[in-house]
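Listed below are the residues making up each chain.
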Amino acid sequence: MKDHGVDATSQTANIRPDMITIPDLIRKKRDGGQLSDDEIKAFIQAVKEKTIQDSQTGAMLMAIWLNGMVSAEIKALTREMMSSGEVMEWPDEWKNFMVDKHSTGGVGDKVSLVLAPALAACGCKVPMISGRGLAHTGGTLDKLESIPGFKVEQSREQILEILDSVGCCIVGQTETLVPADRVLYALRDITSTVDSLPLVTGSIISKKGAESLFALVLDVKFGRAAICKDLESATELAQMLVEAGNGLGIHTAAVLSGMNSTIGRCVGNSVEVIESLETLKGNGPDDLMELVTTQGGLLLVMTGLMSDLSEGRKQISEAVVGGAALSKFQAMMEAQGVNSDTAQLLCSTNADYYSVLRKAKHQLELKAPADGIVLEIDGLVLAQVLHRLGAGRSKAGEPVNHSVGAVLLVSIGQRVTKGDPWLRLHYEDLALTPDQRNHLESALTVGADKKIQTQQKHTLVEKILPEKYQ
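Residues numbered from 1 in each chain as written. Predicted model: local features only at pLDDT ≥ 70, side-chain atom pairs only at ≥ 80, totals over all residues. Heavy atoms only, no water.

**Student:** Help me understand the pattern of salt bridges in this model?
**Tutor:** Pairing is possible between side chains of opposite charge, provided their charged atoms come close. Enumeration over the complete set of coordinates arrives at 20 salt bridges. As a salt-bridge pair, Arg27 and Asp24 come within 2.9 Å of each other at their nearest N and O atoms. Of this pair, Arg27 and Asp24 both sit in helix α1 (residues 22-30), three residues apart, which is roughly one turn of the helix. The shortest N-O distance in the salt bridge between Lys110 and Glu275 comes to 2.8 Å. Taken together, the positions of Lys110 in the loop between β1 (99-103) and α5 (111-121) and Glu275 in helix α11 (residues 269-283) put the pair 165 residues apart, joining distant regions of the chain. Judged by its relative accessible area of 0%, Lys110 is buried. The exposure class assigned to Glu275 is buried, which follows from its relative accessible area of 8%. Among the charged side chains, a network of salt bridges with common partners joins Asp37, Arg79 and Glu80. (Salt bridge = Lys/Arg side-chain N within 4 Å of Asp/Glu carboxyl O. Helix = DSSP H or I, 4+ residues; strand = E, 2+ residues; numbered from the N terminus. Buried < 20%, exposed > 50% of the residue type's maximum accessible area, 1.4 Å probe, protein only.)

Spelled out as structure tokens, the structure:
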């Protein structure tokens, strides 16, 4: 039987950019073809200028989800998305010290709140453009907005001013930054294409590219409470992200870290701010400090401020434990709208945090069901219940309740006795249902495991890419 099909790869190869039609592009990608730079440019231009129908954009997203993209396509997609809006410009003397980080999302992930001021204390400039939480993962902006007066919306001029005076800021995405991503991100959500690795890569790296960074570190998480469920898929995403970042001229590295439990002991907006402040006062949990020092150390090496990762980790640790990072965090709060008395109180020794931050109306402690060793605490289960109690949002734009959260009272590997409290839940009027309580109690696994008992330290970092930084 004769094949009357057309070769998808060559179908639009000779069409001039001004003659490319969207249906042609969709057909080519649907049939497994590789889009040229000009074709990707035409698609992103149409998205930006709204000359393409949502149904066509959705069809292209699904074609990409089904067939993937090769490295050259991802590089072109990322570059065109970045160029769809304003690209930040910095003074020449800052250019080799502009750094940022991005996490693929975790439970209790408060790394940015400690890392940004620590890097500023070490001589870097950190224009951290962050996001809000969606589904079970909390957003950095939501955490900071639990501090009265903290303004995450800052103009380009204000960002420059804050970086000049403080060295770091944590702000939301401006209207003019990567507008094509806003459209694609919303449509990915409703077309079930959120988990396409090329689209994830384009979205993350285009925004970081628009920050005109010198160096970028990516925290790619894997495990039950992460997008990537295993190290293999996390490595694939990390390699794609690193390649795309380097393709834009950004020195890029990735840290692959486990995400089965929680980062630190607190999950929720206000309680995570408190844990971040305690960390900046030298009282941080080991797992959070491991992530902060590893990511920060890598950035110090990539900017040339430190010669190797060991020295970089040490420098970041000293900035946190010695109080220099806390001073930067206080200055950042004041520069972003927090009353100076409030900022000073939060950063003081033995601070009464709840005289400033909102405290939930109710607290409930859950008790250990048996004697034994804490083998596991399922972070995803905790996050899902907290989300239903108001700590997170299901749709963009929904409000969150900053006071809802949970504080772990035990650690993995710790011996507990039946009846010992293991979790303190902070909740509002939305009471815990019997089903939610059962779900929450199922997050804790207690048993006897000699391996856990003899384990000296629970580490999260599994791998660093490129391996030269390991």
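There is more to say after this.
**Student:** What's the story with the nonpolar core in this structure? I'm lost.
**Tutor:** The tendency in soluble globular proteins is for nonpolar side chains to be buried as a group. Ranked by size, the top nonpolar core spans 151 residues in total, and within it Ile147 and Trp422 carry the most contacts. Ranked by residue count, the leading element in this core is helix α12 (residues 286-302), at nine residues. (Core = buried A, V, L, I, M, F, W, Y, C linked by side-chain atoms within 4.5 Å.)

**Student:** Explain the sheet that holds strand β5 (residues 251-258) here, please?
**Tutor:** Backbone-to-backbone hydrogen bonds join strands into a sheet, with any given pair of strands oriented parallel or antiparallel. Taken in spatial order, the four strands of this open sheet run β1-β4-β5-β13, and their pairing is mixed. In this open sheet, the two strands that pair with only one neighbour each are β1 and β13 (461-465). Ignoring strand direction, the axes of neighbouring strands in this sheet form an average angle of 15°. Where β5 and β13 come together, four bridges link them in antiparallel fashion. Directly across from Ser257, in β13, lies its bridge partner Val461. (Pairing = 2+ DSSP bridges. Axes fitted to C-alpha atoms, helices over the stretch in contact; angles between N-to-C directions.)

**Student:** Can you walk me through the packing of aromatic side chains in this structure?
**Tutor:** We describe a pair of aromatic rings using the distance from one ring centre to the other and the angle between the two ring planes. Enumeration according to the criterion identifies one aromatic pair in this entry. One Lys or Arg, Lys125, reaches over the ring of Trp94 and ends 4.7 Å from the middle of that ring. (Phe/Tyr/Trp six-rings, centres within 6.5 Å; stacked < 30°, edge-to-face > 60°. Lys NZ or Arg CZ within 6 Å of the ring centre and 35° of its normal.)

**Student:** Looking at this structure, how should I read the sheet that holds strand β9 (residues 405-408)?
**Tutor:** Strand order in the open sheet formed by four strands is β6-β9-β11-β7, and the pairing between neighbours is antiparallel. Looking along the sheet, the strands with just one partner apiece sit at the ends: β6 (266-268) and β7 (362-367). Adjacent strand axes in the sheet meet at a mean angle of 15°, parallel and antiparallel pairs treated alike. Relative to strand β11 (residues 421-427), β9 runs antiparallel, the two sharing four bridges.

**Student:** Before we go on, may I ask you to explain the environment of Asp54 in this structure?
**Tutor:** Examined against the element boundaries, Asp54 turns out to sit in helix α3 (residues 54-67). By relative accessible area, Asp54 is classed as exposed at 51%. Here the alpha-carbon distance between Asp54 and Val381, two residues 327 residues apart in the chain, equals 35 Å.

**Student:** Sorry if this is basic, but what is going on with the packing of α5 against helix α14 (residues 324-335) here?
**Tutor:** How two helices pack is summed up by the angle between their axes together with the distance between the axes. One can describe the packing of α5 onto α14 by two numbers: an axis separation of 8 Å at closest approach and a directional angle of 105°. With respect to α14, the element α5 is oriented roughly perpendicular. Residues Leu113, Pro117, Ala118, Ala120 and Ala121 of α5 pack against Ala324, Ala325, Lys328 and Phe329 of α14. Along the lines of polarity and charge, the residues of the contact of α5 with α14 split into eight nonpolar, no polar and one charged. (Parallel < 35°, antiparallel > 145°, perpendicular 65-115°, else oblique. Contact = heavy atoms within 4.5 Å. Nonpolar A, V, L, I, M, F, W, Y, C, P; charged D, E, K, R; others polar.)

**Student:** Help me out: how do you make sense of helix α10 (residues 231-247) in this one?
**Tutor:** Residues three or four positions apart in an α-helix share a direction because the helix packs 3.6 residues into each turn. Its 17 residues give α10 an end-to-end C-alpha distance of 24 Å, which sits within 8% of 24 Å, the value for a rise of 1.5 Å per residue. Within α10 the residues assigned to the buried category are Ala234, Thr235, Leu237, Ala238, Met240, Leu241, Val242, Ala244 and Gly245. Elements in contact with the buried residues of α10: α4 (71-82), α9 (197-209), β4 (215-222), β5 and β13. At the N-terminal boundary of α10, the capping side chain belongs to Asp230, with an oxygen 3.3 Å from the backbone nitrogen of Glu232. Gly249 lies just past α10 and shows a positive phi near 85°. (Expected span 1.5 Å × (residues − 1). Polar contact = N/O pair within 3.5 Å; in protein donor to acceptor, adjacent residues only side chain to side chain.)

**Student:** Where do I start with the state of the cysteines in this structure?
**Tutor:** Linking two cysteines covalently through their sulfur atoms gives a disulfide. Summed over the entire model, instances satisfying the criterion amount to zero disulfides. Its sulfur unpaired, Cys122 is 6.8 Å from the next cysteine sulfur, which belongs to Cys124. (Disulfide = S-S within 2.5 Å.)

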